[in-house]
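Topology and contacts: notes
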Amino acid sequence: MIDSRALPMDPRTARKALEQLCVDNLDAYTPPEDDRELVFGGWRALVFGHQPVFLEKSPHHLHYQSALDLIIEADQASPDIAFR
């Protein structure tokens, strides 16, 4: 997302945005080198760092099959997180 608009973006810009999201919202977060660990590990850190309830509402994600695929993968890989 750039300026609250969902846009295709180059991988470096997307990675930088994800890193900044985690750094801004987690204590002492150091982004990993691995992209998949940044996505899934960063998500887990956000969920558990803001428990008992972490609400992420981004309806624009539902317009992109790749985002839906990542949500499904995260749900299947994280039985200790209640996705709704």
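In what follows, the accompanying structure is described.

Criteria and thresholds
Residues numbered from 1 in each chain as written. Predicted model: local features only at pLDDT ≥ 70, side-chain atom pairs only at ≥ 80, totals over all residues. Heavy atoms only, no water. 1 Å grid on protein atoms, 1.4 Å probe; cavity = no way out; pocket = protein on both sides within 12 Å on 5 of 7 lines; lining within 4 Å. Points joined across faces, edges and corners; volume = space filled by probe spheres on them. Helix = DSSP H or I, 4+ residues; strand = E, 2+ residues; numbered from the N terminus. Nonpolar A, V, L, I, M, F, W, Y, C, P; charged D, E, K, R; others polar. Salt bridge = Lys/Arg side-chain N within 4 Å of Asp/Glu carboxyl O. Expected span 1.5 Å × (residues − 1). Buried < 20%, exposed > 50% of the residue type's maximum accessible area, 1.4 Å probe, protein only. Contact = heavy atoms within 4.5 Å. Patch = residues over 30% accessible without salt bridge, like charges linked within 9 Å, V, L, I, M, F, W, Y side chains within 5 Å. Areas by Shrake-Rupley, 256 points an atom, 1.4 Å probe, with all protein chains shown as cover.

Here we come to the layout of surface pockets. A volume near 2,000 Å³ is recorded for the largest pocket. Taken together, 49 residues form the lining of the largest pocket, with Leu 18, Trp 43, Glu 56, His 61 and Ile 71 sitting closest to its centre. Elements with a minimum of two residues in the lining of the largest pocket: helix 1 (11–25), helix 2 (35–49) and helix 3 (65–77). Looking at which element gives the most residues to the lining of the largest pocket, the answer is helix 2, with ten residues. In terms of residue class, the lining of the largest pocket is made up of 32 nonpolar, eight polar and nine charged.

Taken as a whole, this structure holds four salt bridges when the rule is applied. Of the charged contacts, one joins Glu 19 and Arg 15 as a salt bridge, the two residues approaching to 2.8 Å between their closest N and O atoms. Placement of the pair is Glu 19 and Arg 15 together in helix 1, with a separation of four residues, close to one helical turn. With a closest N to O distance of 2.7 Å, Arg 15 and Asp 35 form a salt bridge. Residue Arg 15 is found in helix 1, and its partner Asp 35 is found in helix 2; the two are separated by 20 residues along the sequence. Taken together, the shared-partner salt bridges connect Arg 15, Glu 19 and Asp 35 into one network.

Time to look at helix 2. In a regular helix each residue adds 1.5 Å, so 15 residues correspond to 21 Å; helix 2 covers 20 Å between its end C-alpha atoms and thus fits that length. Restricting attention to buried positions, one finds in helix 2 the residues Leu 38, Phe 40, Gly 41, Gly 42, Leu 46 and Val 47. Considering only its buried residues, helix 2 is in contact with helix 1 and helix 3.

Moving on, we get to a nonpolar patch on the surface. A grouping of Leu 18, Leu 21, Val 39 and Leu 70 is seen on the molecular surface, where their side chains present a nonpolar patch of about 270 Å² in accessible area. Looking at where Val 39 falls in the secondary structure, it is placed in helix 2.

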